[in-house]
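# Architecture at a glance
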Amino acid sequence: MCSATAACMATIMGIYAEKEGLNLTGGTIEVSKTMNASPRRIARIETVISLPLPADNPHKEALKDCVLGSPAMLSLHPDIEVPITWNWLG
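Each value, and the rule that gives it
- Residues numbered from 1 in each chain as written.
- Predicted model: local features only at pLDDT ≥ 70, side-chain atom pairs only at ≥ 80, totals over all residues.
- Heavy atoms only, no water.
- Helix = DSSP H or I, 4+ residues; strand = E, 2+ residues; numbered from the N terminus.
- Contact = heavy atoms within 4.5 Å.
- Areas by Shrake-Rupley, 256 points an atom, 1.4 Å probe, with all protein chains shown as cover.
- Lys, Arg positive; Asp, Glu negative; His and termini not counted.
- Charge placed at Lys NZ, Arg CZ, Asp CG, Glu CD.
- Core = buried A, V, L, I, M, F, W, Y, C linked by side-chain atoms within 4.5 Å.
- Buried < 20%, exposed > 50% of the residue type's maximum accessible area, 1.4 Å probe, protein only.
- Disulfide = S-S within 2.5 Å.

### Quick word on the overall build of the chain
Along the backbone of the chain there are three helices and three strands. For the chain, the spread of C-alpha atoms along the three principal axes comes to 45 × 20 × 20 Å. Long-range contacts, defined as pairs at least 24 residues apart, comprise 63% of the intrachain contacts of the chain with a sequence gap of at least 6. Carbon and sulfur atoms make up 52% of the accessible area of the chain, which amounts to about 5400 Å² in all. If you average the places of the 7 positive and of the 9 negative side-chain charges in the chain, the two averages end up 9 Å apart.

What follows is the structure, given as structure tokens:
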């Protein structure tokens, strides 16, 4: 689940970046999950996205929209917490 979520987010951002001529080489996505004990379900998926772009990049909000609108995010049950931390490294 976690690696699939990261792969989906990366793919959608990559499609956007290619279309817009952005270089995201060196960017990373780290995903970790927390499980509920009973019932045994995913309770939280924490995501840290680090991109080699400056915080004032004009494509910042569009990249965030790519992640929030990705099939992975849209497929998650609404009870699952999905905090996302963005690190702009450029």
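### Topic: the nonpolar core
Residues Met13, Leu24, Ile49, Leu51, Leu63 and Trp86 are the most contacted members of the largest nonpolar core, which totals 20 residues. Of all elements in the fold, only helix H1 (2-20), strand S2 (42-51), helix H2 (60-68) and strand S3 (84-88) reach the threshold of two or more residues within this core. Per-element tally for this core: the top contributor is H1, with five residues. Setting aside anything within four residues of it in sequence, one finds Leu63 in contact with Met13, Tyr16, Leu22, Leu24, Leu51, Leu53, Trp86 and Trp88.

### Re the environment of Glu20
When you line up the elements, Glu20 lands in helix H1. C-alpha of Glu20 to C-alpha of His59: the two residues are 39 residues apart in sequence and 8.7 Å apart in space.

### Considering the side chain of Thr47
Inspection of the secondary structure assignment puts Thr47 in strand S2. With residues near it in sequence (within four places) discarded, Thr47 still touches Met9, Ile29, Glu30, Val31, Pro83, Ile84 and Thr85.

### Here's the deal with the state of the cysteines
As enumerated under the stated definition, the model contains zero disulfides in all. No disulfide involves Cys8; its sulfur sits 11 Å from that of Cys66, the nearest cysteine. Its relative accessible area of 18% is what places Cys8 among the buried residues. Among the residues examined, Cys66 registers a relative accessible area of 13% and is labelled buried.

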